[in-house]
Structure formats: structure tokens, C-alpha cells
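Fold and contact review
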Amino acid sequence: MLVDGVWHDVWYDTKQSGGAFVRTTPAFRGRVSADGDAGFPAASGRYHLYVSLACPWAHRTLIYRALKGLEDVIPVSVVDSFMGADGWSFSNAPGGMPDPVLGAAHLYEIYVAANAAYTGRVTVPVLWDKHTKTIVNNESSEIIRMLNREFDAFATRVTSDFYPIELRSQIDTWNERIYRTVNNGVYRAGFATVQDQYATAVTELFATLDAIELQLETTRYLCGETITEADWRLFPTLVRFDAVYHGHFKCNLKRLIDYPHLTRYARELYRVPGVAGTVNFTHIKEHYYRSHESINPTRIVPQGPVRDFTS
């Protein structure tokens, strides 16, 4: 993390929270809008997206970018799969790419460029404005809302509204539960440092997965027969579940494949045009197993599961 603009290699302090992992709140909360009323007008080539192919939060933004056909409108930089003492870094390793905007070696340099006195975690995704030379937003849930509709004038693919007014109450209800117990729940389990905090997280995680399985017995997607934001927020966790969360984060009461409806659902989302290209299992496994030394001190990356996600 950065403290007053100076990088420190500091892991999350769970002692102050009784052994629980507590995620910090993103600091940059600007908004791009089609009409520019929020100070950041939608435009082609003005914004740059920094992501990790391993990170489920960043994955959301890549999915929306692909679904909307915004690849040429919002260029992207991908950090290396390994997160070491300098945090997220840029490299020419397979799947990664250098930073063409500021020439930064590490992601924290992007944060310092936006705020020289920044104190906080350095996370992906980051939406950067090349005109004002600052970070617009580093909260994935807000970035995907912008990509959903604010860049429609530049989109090369037409999609439905993933956050339609008539379904917002249902979407919000699912989002709240899934964020707490699934998206962040796997991290609460994996980064817990006492048994009871881990047990609570795992119990809540599988209670929600059981509830989703029950829902998908009668509906194609979470909110009915239409894909919504709630589905795209859940998918990045599901696609990583058997590969990393089941073993690495000890979320092992069941595998995703043990849920027939969830498995059908996740595979269907994976097959939506453009989505498969945002999934990189090499980066996913390399990042989690090599970067979290406190969980996997040998940094050995398992060979399995070898099953193709689509099969």
C-alpha cells in the first residue's frame, strides 16, 4: 500500500479485526457520463483501463468492455500475474503488457501520479483519464455501470441494459448478498487468520451458493430470463472457483461442478460472445498460488483442475 505517496510492502492487518479480512473502500469515485455532467465526458481514446487478468474485480470491467465492443475505445494495460514486494507491476510476460500512458513500472506509480499524497491500497481495476491525468475511478461496480450505458455512442456491439429499471430491486438484492458472501466471501475465507472467522465466511458462502442453485432450478439467470449486472458480477468468482478458491482459499465444502444448475449457468455465461477471451486461467492460477506466500509459501502452482471450463 501507499502511505503519503510512499510505497510500503504491507499485507492486510487482521489483528485489528479479530482475524477477519476487511476490504478497504476504494478512494477514487469519479464518474464518466455520456453528457459530461459529472466532469468526465465519455469519449473514444480518452480513458485507459488498468487491469489484472487474475483479479475478479477487474474481470468485471473486461467483460463489459468486450460485451459492448469498446476494445478500441478504451485501451487496456494488463499487469503481470505475479504480485510481489512492489505490488501489481507491468512486464512483457505472456498476457501482460507495459504501461503506454505514463511508462510506469508498477501500478502504485499510477496512483501517485493521481495523488502524490495518496494513502491506501493499490488495486485494480483503475480507470485513468488521459486528459486530466488522474484516476477517475477504481471501484469495479461503478466502472461497469459506466460501461453499461455511458459509452453507447461509441460501442460497436448492441446489448440489452444490464441494469434495467424494472429489475433494479432484484439486482440490488442479489448484488448485496453475493458481494458480501461470495465475491468477497471467498477472500474472507482465504485471508482469515483465525478459525471462527474462516468458518463463518465459508458457511455464509455455501449458504448463498445453495440459494443460487435453488434459484436457477426455476430461472435461467438470477433475475429471470435476461442476463443482468447481477450475473456478470457473480460470474468472475464462479469461473475461478474450482481452480483457486476451492483449494487455495479452503472453500472446499463443494466444487462448482457439484452444483448442476450453477455449472450450467456459468458455462452459458462463458459462452456469451466475447466473454471467453477475458478468461485467462494461466494468470488466475499463477497469481493466486505464487503471490500469496502467507497461504502457499512454496508458491507451487497445481496442475489441476485440467478440465476445460466449457466441457
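What counts as what
- Residues numbered from 1 in each chain as written.
- Predicted model: local features only at pLDDT ≥ 70, side-chain atom pairs only at ≥ 80, totals over all residues.
- Heavy atoms only, no water.
- Pairing = 2+ DSSP bridges.
- Helix = DSSP H or I, 4+ residues; strand = E, 2+ residues; numbered from the N terminus.
- Axes fitted to C-alpha atoms, helices over the stretch in contact; angles between N-to-C directions.
- 1 Å grid on protein atoms, 1.4 Å probe; cavity = no way out; pocket = protein on both sides within 12 Å on 5 of 7 lines; lining within 4 Å.
- Points joined across faces, edges and corners; volume = space filled by probe spheres on them.
- Nonpolar A, V, L, I, M, F, W, Y, C, P; charged D, E, K, R; others polar.
- Buried < 20%, exposed > 50% of the residue type's maximum accessible area, 1.4 Å probe, protein only.
- Right-handed = clockwise from strand over helix to strand, strands pointing away.

1. Digging into the sheet that holds strand β5 (residues 47-51)
The mixed open sheet is built from 4 strands, whose spatial order is β6-β5-β7-β8. Every interior strand has two partners, whereas the edge strands, β6 (76-78) and β8 (134-137), have only one. Mean inter-strand twist for the sheet, computed between neighbouring axes without regard to direction, equals 30 degrees. Examined bridge by bridge, β5 and β6 share 3 bridges and lie parallel to one another. Along β6, the bridge assignment pairs Leu49 with Val76.

2. Focus on empty space enclosed by the protein
The tally for this structure, following the rule as stated, stands at 1 cavity of 30 Å³ or more. A volume near 30 Å³ is recorded for the largest cavity. Taken together, Pro56, Trp57, Arg60, Asn183, Arg233, Pro236 and Thr237 make up the full set of residues lining the largest cavity. Going through the elements one at a time, α1 (56-67) and α7 (229-245) are the ones with two or more residues in the lining of the largest cavity. Class assignment of the residues belonging to the lining of the largest cavity gives a composition of 3 nonpolar, 2 polar and 2 charged.

3. Some words on the pairing of β8
Within a regular strand, side chains alternate between the sheet's two faces. As judged from the 3 bridges shared by strand β7 (residues 126-129) and β8, these two strands associate in the antiparallel manner. Residue pairing across strands places Trp128 opposite Ile135, the latter belonging to β8. From the end of β7 to the start of β8, which pair antiparallel, there are 4 residues, and Lys133 there has a positive phi angle of about 55 degrees.

4. Some remarks on the pairing of β5
Among the 5 residues in β5, 5 count as buried, and that is most of the element. Every second residue of β5 is oriented toward a common face, with Tyr47, Leu49 and Val51 on one face and His48 and Tyr50 on the other, all of them buried. As defined by bridge partners, β5 adjoins β7 across 4 bridges and the pair is classed as antiparallel. Among the inter-strand pairings, His48 is bridged to a residue of β7, identified as Trp128. Where the polypeptide runs from β5 across α1 and back to β6, its parallel neighbour, the crossover connection is right-handed.

5. Observations regarding the layout of surface pockets
Looking at the largest pocket, its volume works out to about 1100 Å³. Together, 48 residues line the largest pocket, and Tyr12, Arg23, Arg121, Val122 and Thr123 are the ones closest to its centre. Here the lining of the largest pocket is built from residues that sort into 23 nonpolar, 15 polar and 10 charged. Along its surface, the second largest pocket is lined by 15 residues, and Arg31, Glu142, Arg145, Met146 and Glu150 are the ones closest to its centre. The greatest single-element share of the lining of the second largest pocket, amounting to 6 residues, is contributed by helix α3 (residues 140-149). Considering only residue class, the lining of the second largest pocket consists of 3 nonpolar, 4 polar and 8 charged.

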